[in-house]
Amino acid sequence: MKLTKHLAGVVIASTCLCAPALAQTKLTMWYHGAGNEVESRILNQIISDFNTSQSDWTVTIESFPEKSYNDSVAAAALAGNLPDILDVDGPVMPNWAWAGYLQPLPIDESEFADFLPGAKGVWDGKLYSVGLWEAAVALFARQSTLDELGLRTPTLDKPWSREEFMAALDAAKASGKYEFALDLGMNDQAEWYSYAFSPFLQSFGGDIVDRSTYKTAEGALNGEAAQAFGKWWQSLFTGGYAPGTSEDPADQQTGFIGGKFAFQWNGNWRAVATMEAVDDVVFLPAPDFGAGNKIGAGSWQFGVSAKSKHPEGAAEFIKFAAQDKYLAAFSDGIGLIPPTPSAAQMTKNYKEGGPLAVFFDLSKAQALVRPVTPGYVVQAKVFTKALADIANGADVADTLDAAVDEIDADIESNGGYGHR
Amino acid sequence: MASKLTRSNRAGWTFALPGFALIFAFIVLPFFFAIGLSLTNQRLLSPNPTQFVGLENYRQLLGLAVVTLEPERNDAGEIIRNEAGEIQYPRLRAITRSDDYPQYRGMREWFRWQSGEKIMTVIASDVVFMKALVNTFLFVLVVAPVQGSLALMLALLINHKVRGINLFRTIYFMPVVVSIVVVSLLWRFIYDGQNGLLNSILQALTFGLFQPVDWLGNPSTALPAVMAMSVWQAVGFHMVIWLAGLQTISPTLYEAAAIEGASRWQTFRYVTWPGLRNTAVLVLVVITMQGFALFAQIDVMTNGGPLDSTQTLVFQAVERGYGKQDISGGSTISVILFAIVLAISLIQRWLTRER
Amino acid sequence: MAVNPDNYGLRLFVRYLVLCLIALIFIFPLVFMINSSFKPDSQLLADTSSLRAFLPVGDISLNNYFGAFRRAPVGLFVLNSVLVTGATVLLSLLICSLAAFSFAFLRWKGRDVLLSVVIATLIIPFETIAIPLLLLVSKLPWIGLDGLHWGWLNSYRVQIIPWIADGLTIFLFVQYFKALPGELIEASRVEGASWWQVYYRVVMPLSGPVLATAAILKFLIMYNQYLWPLIVVQQESYRPVMVGLGYFFQLNVAWGEVMAYLTLITVPVLTFYLLLQRAFIASIASTGVKG
């Protein structure tokens, strides 16, 4: 009896383990969306499709909470424990590539020719990562609000100027109907500040770092344009237009819908839920503060870890996942922008005339990637703190100067981050 | 006789070894490694080779200097004033960035004061670290006595055998058993400036007279708000320690005091308090240690802001080491913190030594 | 002054009133958490501005709990945490009390130096040593059922073993042991008991209070672990509750589900606390005496 059991065990074990293992090589993949049901469902679908579509590779996935994903990856890299396929946030990619976590994608860039530029991660002239979606930010408003306040509806070709934008905020404030004219989502001090607010700075003509060399922030973050930006930024809070850094953590979700704010600067991942609750919501392009209207580009993307023994298999999977039908599925599921025009046509929200099609155009017309440098990780932190301090009343010139000093010192102590 | 019975090198080492080996391997060894890191320029992730930099990281954190700003003068040597009659001074950055003063490079203003026509400015290599240092001390200096004495008052209140006292004890102890992260999250709703519970309650109690305060958004209230929540969270723990101390005091002493006709205050002053000496030391030591390690509340509630009013040493160590990938800088802060707490506990020990 | 009954009754009333008011201060965030876990997000957030926050009123349902279980393997996280916590607590009690026994009762070469080192470790913040420790455990060997392999990442042991011994626990035991009557120990030695027998038969039976104190302190520390499991565990199957909290903070935070999850993960701690309550309060108390 004991023997039969034992034998049966061996037989079962060998059939389970060996049959598929003989043919297929295992690839591991890490993903930032633990706890997100919709994303997980779509991704798992892609993986199982991929695993059955060919006989060389099987992909297995491990999901992490987004909040601590970068820390998890850094720790795993230190311990030499990275997977084959890595999910990476667009602006962080150069940091990981420079540190040696990622290898260039062994796929020709022409494969992704029709992708939105923000969905492609290029560092040092090489393609490292590709995104299955792109995100965009817009000014959420109600058509009825615009009508009541007598405001012109801005368009991509003719966005609001700074004066028009401030006049709109003044009108909203004067109406007395809102707690605040504008919600910026100040409570979220992670990546949001540099993603959502650095385009304002760029629209003023400044930047987080001097992109011509990436060796200094002098002039870019504390020049005249940046000073003007800083003063305007501070006036949003001293003038009582927007709630400050202690803003209710839930305002980005419920504030605009509940009518607390006339305008909300928010991402398109909130668009679907907002449309459901607000019939006449409109998504307006960023105001033009003088140097063009800008929004941030670059969302989560897939890359191949430097330690992967099977980059060709990882690349195979990334190519497979980048098919239009999956891009469309993600877009339909989580409301984000499909990165190709052909996928956009397959979605319910982004096809021509679709309710969110405007975001596709917004992204195409205004999007600017965050500084493409390994130093971005630190620079984003410094920028975030500077903006929070200015919002809380710190001296604009001193704060920006200090931020420049800190960024420059960091670049220096990292040997220039490999920029030539 | 006794020494023979208790002397045993072999048994002594055998019993202590598992525990000591674990502590050595998983705490002492990594700590020496951290001290080593603080002497290098090691980054969390970087392809650049690690270099030994000596005490550079310590200089970067602790560098302080005083700079005197002379009033700006015109060619005739007269002080320039603006329309409002205020004396004009050069910008500090003109000095800290000038090649004439390489020693001040990269330093920033911490605080300044007026001295006659001149302005004295204290500049620091790392102003945020200095603020974190001050805030951490402030936190310990306020929280230790407040939490300790509130806990004692609660203990005195609850040290009576009345019905249901166990229920109250349990309730007062409850915040201790809930994770500090969870508690901090909840208190963010309570402290909210627009529609937080605290403002609502205070307004209801004062019939609307109270003006809502943005507790965590105001540099002058943020740290006190964090202190109050921390006291609230941990006071139950120290209450129970005090309670234990109270119960060791012999009832006959109280009877004697009653016979002498001592007032309540006298009883406390001459009977209760002397009996609590050991307990007081324990409470003080534990609160001090916890205070210096302040991190989770800041991480969840304020991120060090507004305007650095809630920066703390451990928060800075984490922010630097992990957030800014400067693991050697983060380690340096930790080593400095270790040195500070070690010095304080040596002083505490010396002050409370058996005389 | 003689105590008249009315006066006594009044004083009792005042005492209870004060006790109850203070109780409100301590319990209101928990009431808020539990009530909120039954409310939909929109109502939950609207209620925060009024006393409704403390009342189970409006649209009450268990939906948040169902949502939490759909979003994350809550049961797995709680199980992992309870397992890691339980194992660490038990091992810690044994190993730390043994070490403390040696420090308190035995005389041996190097004892004082070792004890000073142990006490000095009390003041090393964990955040300081996390990265060096990570590098260390990622290279340690382990012999499992499947033979020898290197690296402890992604396991229970990596969450347990480094946390077994700590300065505070040993210090608690030492302080307690020092206050035990030394004659008992000597008497048993005279009768020919081995050191192990003295530890096991004489000292441990007298150590109920300090064992309970050390257990609850360790329990609280272990159950609330966040940074360490975050960096040493990459597989969901070993993740503990506090890391699991991250599942609920997506771009769209589901506050009701957060409250439900918080309520769920607080249950084991409260249960453990209530079970130990009597022993526990008595025992924390007793360490105070020795301090």
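So, a few notes on the structure that sits alongside this text. Throughout, residues of each chain are indexed from 1 in the direction in which the sequence is written. Chain letters start at A and ligand numbers start at 1, both assigned in the order the entries are written. Given that this is a predicted model, residues contribute local features only at a pLDDT of at least 70 and side-chain atom pairs are listed and counted only at 80 or more, while totals for whole chains, interfaces and linings are drawn from all residues. The basis for every side-chain value is the complete set of non-hydrogen atoms in the structure, without hydrogens or water.

Let's shift gears to the interface of chain B and chain A. Contact residues are listed per partner, giving 28 residues for chain B and 41 residues for chain A. We define buried area as the total accessible area lost by two parts upon association, computed with a 1.4 Å probe and summed across both. Summing the contributions of chain B and of chain A, the shared interface buries around 2,800 Å²; its carbon and sulfur component is 44%. Considering only the side of chain B, the residues that lose the most area to chain A are Leu45(B), Gln194(B) and Lys324(B), jointly responsible for 21% of the buried surface there. Take a side-chain nitrogen of Lys or Arg and a carboxyl oxygen of Asp or Glu: if they are within 4 Å of each other, that pair is a salt bridge. Inspection of the chain B/chain A interface yields nine salt bridges. Pairs of N or O atoms are called polar contacts if they sit within 3.5 Å, as long as, within protein, a hydrogen donor faces a hydrogen acceptor (for residues adjacent in sequence, only side-chain-to-side-chain pairs). For the pair chain B and chain A, the number of links is 13 residue pairs in polar contact (both at pLDDT 80 or more). Of all elements in the fold, only helix 7 (180-190) and helix 14 (313-323) of chain B reach the threshold of two or more residues within the side of chain B that touches chain A. Residue contacts follow a heavy-atom distance rule, with two residues in contact if any of their heavy atoms lie within 4.5 Å. We count a stretch as a helix when DSSP gives it H or I for four or more residues in a row; a strand needs E for two or more, and each element gets its number in order from the N terminus.

With that settled, the discussion passes to helix 2 (residues 37-53) of chain A. Residues and elements named next belong to chain A. Given a rise of 1.5 Å per residue, 17 residues ought to cover 24 Å, and the 24 Å separating the end C-alpha atoms of helix 2 matches this to within 8%. Using a 1.4 Å probe on the protein chains alone, a residue whose accessible area is under 20% of its type maximum counts as buried, one over 50% counts as exposed, and one in between counts as partly exposed. Buried within helix 2 are the following residues: Glu39, Ile42, Leu43, Ile46, Ile47, Phe50 and Asn51. On its buried face, helix 2 is in contact with strand 1 (25-31), strand 2 (57-63), strand 12 (300-305), helix 11 (311-321) and helix 12 (324-334). Here the expected length of a helix is defined as 1.5 Å per residue gap, with one fewer gap than residues.

This paragraph deals with a nonpolar patch on the surface. Patches draw on residues past 30% relative accessible area with no salt bridge. Two like charges within 9 Å are joined, as are two nonpolar side chains (Val, Leu, Ile, Met, Phe, Trp, Tyr) within 5 Å. To be clear on the numbers: accessible area is Shrake-Rupley with a 1.4 Å probe, and residue cover counts the displayed protein chains and nothing else. Nonpolar side chains collect at one region of the surface, where Phe137(B), Leu138(B), Leu141(B), Val142(B), Val146(B), Leu150(B) and Met153(B) lie side by side and expose about 590 Å² of accessible area between them. Following the sequence through the fold, Leu141(B) ends up in helix 5 (residues 127-158).

All names here are of chain A. Spatially, 8-9-7-10 is the arrangement adopted by the four strands of the open sheet, whose pairing is mixed. Each end of this open sheet is capped by a strand with a single partner; those strands are strand 8 (180-183) and strand 10 (281-284). When the angles between neighbouring strand axes are averaged without regard to direction, this sheet yields 20°. Any two strands between which DSSP finds at least two bridges are classified as paired. By the bridge criterion, four bridges tie strand 7 (residues 137-142) to strand 10 in an arrangement that is antiparallel. Each residue of the ladder has a partner; that of Arg142, found in strand 10, is Val281. The angle between two axes is taken between their N-to-C directions and runs from 0 to 180 degrees, where each axis is a line fitted to C-alpha atoms and a helix contributes only its stretch in contact. The strands touched by helix 6 (residues 162-175) are strand 7, strand 8 and strand 9 (261-267); relative to strand 8, the strand with the most contacts, the crossing angle is about 130°.

Looking now at the environment of Pro355(A). Tracing the backbone through its elements, the reader meets Pro355(A) in the loop between helix 13 (341-346) and helix 14 (357-366). Spatially, the C-alpha atoms of Pro355(A) and Val272(A) are 9.2 Å apart, while their sequence positions differ by 83 residues.

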